[in-house]
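Residue-level structure breakdown
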Amino acid sequence: MELIQLAVPVLLKGLWMTLSLTAISVAIGFNLGLGLAIMRGSDKAWVSGFARYYSIAFRGTPLLVQIFLIYYGLGQIRFIHDIPALWWVISEGSRCAVLALALNTAAYTSEILRGGLVAVPAGLVEAAKACGMSRVMRFRRIEFPLAIRQALPAYGNELVLMVKGTSLASTITVLEITGYAKRLMSQTFAIFEVFAIAGVLYLALNLILIGLIRTVECRLMRHTRSASKSLPALALPTA
Amino acid sequence: MEFGLLQVWEGGWVGAILRGAAVTIAVGVASMIFGLIIGTICGLIKWRAVFGLSHLVDFYTSVIRGVPELLIIYLLFFGSVEFVTKIATVFGFAELADAGYAFFITVAAISAISGAYSTEVIRGALAAIPKGHIEAAVALGLPSRRIFARIIAPQMLRIAFPGINNVWQTTIKDTALVSVVGLQELMRTAFIGAGSTHNPLIFYSIAALVYLMITLISQVGFNKVEAVLSPRKGA
């Protein structure tokens, strides 16, 4: 009981850090990933090639290596010290973690979104072209809305992986849930109890995220739902 | 920034990195094998909806897949270190235990994680086997052991293979996490090298490249096996 009183407030403090790390890196990573997914479809070989190799490099190496490379490695390059904006990012653990997480999730997001974009029926894009829509409008009104509906379930999984990925920030001195949990474990020796409380926090966070994604999915797919519901109603008068 | 690769070469780090890579691969392969054993058993339990046990499996897979790998590694490592040391001292093989312990607990942790993901993959593959095939085998009077060996297992393997490939890729990357508890694998070697030469950039870059090589080469191997397993078109 005493332990719970001690551990819960500390871990809740960590929860806030975990949440901010996730939110900021997902916000940056989603946009980067979208850009990379569009680049993959480019006609220019070097543009699509860059996006492909980016994705291979970030998906083929552990996130921990990426975090260490950014946190310990980049500081060694002289010119980064001379650029204030870059140095601001590199000089602090949590900002490094956000950078690494954002770059990492961008690679996975680009694969997920590309899958969605490829699945958009060619006829719809041709129809939009025939209507005289510009490239940007075509993407905004036709391709992206269809792709995101296709990609949403897989993106939900990626969000859960991101929440779990933030735990690696604890290895570069950022105190989020796992960081505090490790500290509590070595202070109280109540290994299992601390794990259970921290685990429940993560599970709750992930369940809420999955619930949110399902809600968004339901809202976006309501045309399919209302169609099946309204069919009998429409059929009744004619019958 | 006058480093370089020369320093890595002269310091004898190439051998250390190769040894680290070998440990990483050994941990990855061992964990994958145990993970597949766990996954097959748990996948079958979930598929058959064995009363009671399937809820237990559900609990196991949701906890492992919802909680960060690092936290699980901390639990298994810190949770067992005292217990194991005590046992080892009682039986008088403390030194032996020290050497093997990190490897053992690492494989246990990574197997538990890859087992949870394998369970889901194998359950999905089992669910995708046409019911008629199994019914036909039952109707022919085949004993259940042969139904499993001849009908279920081959189809399960073929359908699950791409998913197992994904699990392998995550597993080999997860092994990097155990460097935080001290096993001398690739990541730990890079960490030590970076610390003692004050040259983290080159060491972590090398580590990243070695991981990339492991994942890319194994990807090629998996693709080859997948081509053999998939039914030939037009045959």
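In what follows, the structure referred to is the one given above.
Thresholds applied
- Residues numbered from 1 in each chain as written.
- Chains lettered and ligands numbered in written order.
- Predicted model: local features only at pLDDT ≥ 70, side-chain atom pairs only at ≥ 80, totals over all residues.
- Heavy atoms only, no water.
- Helix = DSSP H or I, 4+ residues; strand = E, 2+ residues; numbered from the N terminus.
- Polar contact = N/O pair within 3.5 Å; in protein donor to acceptor, adjacent residues only side chain to side chain.
- Contact = heavy atoms within 4.5 Å.
- Phe/Tyr/Trp six-rings, centres within 6.5 Å; stacked < 30°, edge-to-face > 60°.
- Lys NZ or Arg CZ within 6 Å of the ring centre and 35° of its normal.
- Buried area = accessible area lost by both parts, 1.4 Å probe.
- Salt bridge = Lys/Arg side-chain N within 4 Å of Asp/Glu carboxyl O.
- Axes fitted to C-alpha atoms, helices over the stretch in contact; angles between N-to-C directions.
- Parallel < 35°, antiparallel > 145°, perpendicular 65-115°, else oblique.
- Left-handed = near helix turned anticlockwise from the far one by under 90°.
- Nonpolar A, V, L, I, M, F, W, Y, C, P; charged D, E, K, R; others polar.

Residues and elements named next belong to chain B. With respect to the element layout, Thr-189 can be found in helix H8 (residues 186-197). Reaching out from Thr-189, the side chain makes a polar contact with the backbone oxygen of Glu-185 at a distance of 2.7 Å. Discounting residues that sit within four places of it in the chain, Thr-189 has contacts with Trp-13, Ala-16, Ile-17, Gly-20 and Gln-184.

Structurally, Val121(B) can be placed in helix H5 (residues 94-127). Beyond its immediate sequence surroundings of up to four residues, Val121(B) is in contact with Ala160(B), Gly163(B), Ile164(B) and Val167(B).

What follows is about the packing of aromatic side chains. Here the distance between the centres and the angle between the planes together describe a pair of aromatic rings. Enumeration according to the criterion identifies 14 aromatic pairs over all chains in this entry. Consider the rings of Trp13(B) and Phe203(B), whose centres lie 5.3 Å apart with planes at 80°: the pair is edge-to-face. Note that Trp13(B) is positioned in helix H2 (residues 13-48) and Phe203(B) in helix H9 (residues 200-229), a separation of 190 residues in sequence. Among the aromatic residues, those joined into a cluster by ring pairs are Phe68(A), Tyr71(A), Tyr72(A), Phe191(B) and Tyr204(B). Across from the ring centre of Tyr53(A), 5.4 Å away, lies the NZ or CZ of Arg52(A), which sits over that ring. Here the basic side chain of Arg95(A) rests over the ring of Trp88(A), its NZ or CZ set 4.0 Å away from the ring centre.

Our focus in this paragraph is the interface of chain B and chain A. Interfaces are often sized by the accessible area lost when the parts come together. Taken residue by residue, the interface counts 36 residues in chain B and 36 residues in chain A. Buried area between chain B and chain A, both sides added, is near 3000 Å², and the carbon and sulfur share of it is 78%. On the chain B side of the contact with chain A, Leu71(B), Leu75(B) and Lys173(B) bury the most area, a combined 19% of that side's loss. Run the count over chain B and chain A and you get 1 salt bridge. One salt bridge connects Glu69(B) with Lys164(A), and the closest N-O pair in it is separated by 3.3 Å. The tally of links from chain B across to chain A stands at 9 residue pairs in polar contact (both at pLDDT 80 or more). Those elements giving two or more residues to the side of chain B that touches chain A turn out to be helix H3 (53-66), helix H4 (69-91), H8 and H9 of chain B.

For the rest of this paragraph, the subject is the packing of H2(B) against H3(B). All names here are of chain B. Where H2 meets H3, the axes come as close as 8 Å, and the angle between the chain directions of the two elements is 130°. When the axes of H2 and H3 are compared, the pair comes out oblique. The element H2 and its partner H3 pack so that their crossing is left-handed. On H3, the residues touching Ile-38, Cys-42, Ile-45 and Lys-46 of H2 are Leu-53, Ser-54, Val-57, Asp-58, Tyr-60 and Thr-61. Its residues placed into classes, the contact of H2 with H3 shows 6 nonpolar, 2 polar and 2 charged.

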